[in-house]
Amino acid sequence: MQGTGYLRDDLHGARNVLTDEQETRAVFEGGPPIVCFAGDYYGDPTSKHHIMRHLAAYTPVLWVEAAGLRRPKLVNPLDLRRLVDLVRRSAAGVRRDGVSGLHVVTPLGIPVPRRRLAARVNSWLYRRTVQRGLRRLNSARAPLLWVYAPNAAPYIGSLPRAGLVYHCVDRWWAFSNHDAAVMRDYHAQLCRAADVVFASAAELLTDCQRYTDRAYLIRHGVDWEHFARAALAPPPRPADIADVTGPVIGFFGLIHEWVDQDLLCRVAAAFPAATLVLIGRVRVDVSRLRQMPNIRLLGQRPYTDLPAYAAAFDVALVPFVFNELTAAVNPIKLREYLSAGVPVVATALPEVVALSGPTMLHPARTADEFIAAIGRVLASGREPAARVAAARELAPESWAGRCAEMAALVARHRPTP
């Protein structure tokens, strides 16, 4: 398994005796504030949330909720609700996150960014919003721009900056509801303009290296202490699955186009005595899942409660279809399940296969292999000691280690003041 020391040892030499926290502090503390362009802040934590909340301990962070990645349809009730919510959040001004201390702003924008006039107006709105946020941070310094949302590319050119980081975490042009040509263009712009580029998967690294020689592979980390509680000090079983008596086959995450519903139905049929517990927001038609008597769609649950659900899982799933999008996905839930000490059966995506060390990880290339692997896990039974040992294997994969890796590269590549 690729741990967090493989890159820092090469970069730091004698400095590798420092802890992850010391390394990150040495680069960011006392430095410029970070302006992070990402999606909605309030929701289940993603890699962006974990990283920015971690860095906020060392330098002020302003999270800019970039506009949506596609043009909204006014006849779509969901899109209308999102537009209303966008206006409400923008009117709320600069909001402070009570846990991490970072600040959040939401710029308004004209949702037709490829029009020249709209792009100019949006650039002005972004600049005004960022300036307002930096004033709230009491910072007159040019910030380090850290971009996740590629649709921010047309609007950051006029912003003063101490450096530019592009963190590529998805193959944006492969989403079915995005304009592929536009997303590829934004991605290329950011790769060329950035001082340093981070890619969360090997396939994404290849995509980035087409445009820059300053791209590095930084795989996702994990909130290890949070999820390891499921193995080290198992919480009580949540009330909404307390009545389940047979094996629990679990999943948590967004249920979207990349989740293989055909596979889930086959799993449910193959293990009628088990209950498939699916946790997360639903963004696609799941009527066929609802028809299966042993599938429970629980909807979204608080992040704080996920270890309790994981502790109840006999096996956890990463049931993704294999396509251009998922070939470049590095599922955060994979490390979360393993940190919880739960055996995992996962579609054999490149990033699943790359995480070859954990003893409880079972990649599967076909539906038959997937079902057979679940059967072997269920037949082996629960061993609390084995779960504790498996959870401890993932301790080196923490977000603190990933941030230290990135800190070293930011220090190497950022412009000289």
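What you see is a predicted model; the values in this text were computed from it and never measured. (Residues numbered from 1 in each chain as written. Predicted model: local features only at pLDDT ≥ 70, side-chain atom pairs only at ≥ 80, totals over all residues. Heavy atoms only, no water.)

Student: How would you sum up the packing of aromatic side chains? Please name residues and give values.
Tutor: One pass over the full model with this rule turns up 12 aromatic pairs. Their ring planes at 35° and their centres at 6.3 Å tell us that F252 and F313 sit as a pair that is tilted. With F252 in strand β9 (residues 248-252) and F313 in the loop between α11 (306-312) and β12 (315-318), this residue pair connects regions lying 61 residues apart in the sequence. Judged by relative accessible area, which is 3%, F252 ranks as buried. Classification of F313 by relative accessible area gives buried; the value is 0%. Through pairs of rings, three or more aromatic residues link up here, namely F227, F252, Y303, F313 and Y337. (Phe/Tyr/Trp six-rings, centres within 6.5 Å; stacked < 30°, edge-to-face > 60°. Helix = DSSP H or I, 4+ residues; strand = E, 2+ residues; numbered from the N terminus. Buried < 20%, exposed > 50% of the residue type's maximum accessible area, 1.4 Å probe, protein only.)

Student: Tell me about the sheet that holds strand β8 (residues 215-217), and name the residues and values.
Tutor: Here 8 strands make up an open sheet; going across it, the order is β3-β4-β2-β1-β5-β6-β7-β8 and the pairing mixed. Lying at the two open borders of the sheet, with one neighbouring strand each, are β3 (95-96) and β8. Bridge count between β3 and strand β4 (residues 103-105): 2 bridges; the pairing is antiparallel. Note on β4: the bridge partner recorded for R95 is V104. Of the strands in this sheet, β6 (163-168), β7 (196-199) and β8 touch helix α7 (residues 202-209), which is tilted by about 175° from β8. (Pairing = 2+ DSSP bridges. Contact = heavy atoms within 4.5 Å. Axes fitted to C-alpha atoms, helices over the stretch in contact; angles between N-to-C directions.)

Student: Please set out the packing of helix α3 (residues 47-55) against helix α16 (residues 399-413) residue by residue, giving values where relevant.
Tutor: For any two helices packed against each other, one specifies the crossing angle of their axes together with the interaxial distance. The geometry of α3 relative to α16 is characterised by a closest axis approach of 10 Å and an angle of 75° between their N-to-C directions. Overall, the two elements α3 and α16 adopt an arrangement that is roughly perpendicular. Together, S47, H50, I51, H54 and L55 of α3 and W399, A400, C403 and M406 of α16 make up the contact between the two elements. Considering only residue class, the contact of α3 with α16 consists of 6 nonpolar, 3 polar and no charged. (Parallel < 35°, antiparallel > 145°, perpendicular 65-115°, else oblique. Nonpolar A, V, L, I, M, F, W, Y, C, P; charged D, E, K, R; others polar.)

Student: Quick one: what's the story with the pattern of salt bridges, residue by residue and with numbers?
Tutor: Side chains that differ in sign of charge can pair as their charged atoms come close. For the structure on display, the rule yields 15 salt bridges. With a closest N to O distance of 3.0 Å, D240 and R301 form a salt bridge. Of this pair, D240 sits in the loop between α8 (224-232) and β9 while R301 sits in the loop between β11 (295-299) and α11, and the two are 61 residues apart along the sequence. By relative accessible area, which is 25% here, D240 ends up partly exposed. Taken together, the salt bridges that share partners define one network made up of R335, E397, R402 and E405. (Salt bridge = Lys/Arg side-chain N within 4 Å of Asp/Glu carboxyl O.)

Student: Give a description of the nonpolar core that names residues and reports values.
Tutor: Among the nonpolar cores identified, the biggest contains 136 residues, and F28, F37, M52, W146 and F198 are the most heavily contacted of them. Sorting elements by how many residues they give to this core places α16 first, with 6 residues. (Core = buried A, V, L, I, M, F, W, Y, C linked by side-chain atoms within 4.5 Å.)

Student: Tell me about unusual backbone geometry, and please be specific about residues and values.
Tutor: Of note, the phi angle at N138 is positive, near 60°, even though the residue is not glycine. Counting through the fold element by element, N138 comes out in the loop between α5 (116-136) and β5 (144-147). Taking the relative accessible area as the measure of exposure, N138 reaches 73% and is therefore exposed.

Student: Would you mind going over the pairing of strand β2 (residues 61-65) in detail, with residue names and values included?
Tutor: A large share of β2 lies buried, amounting to 5 of its 5 residues. Across the two faces of β2 the burial is the same, with V61, W63 and E65 and L62 and V64 all buried. Bridge count between strand β1 (residues 34-38) and β2: 5 bridges; the pairing is parallel. When the sheet's bridge partners are listed, C36 is paired in β2 with W63.

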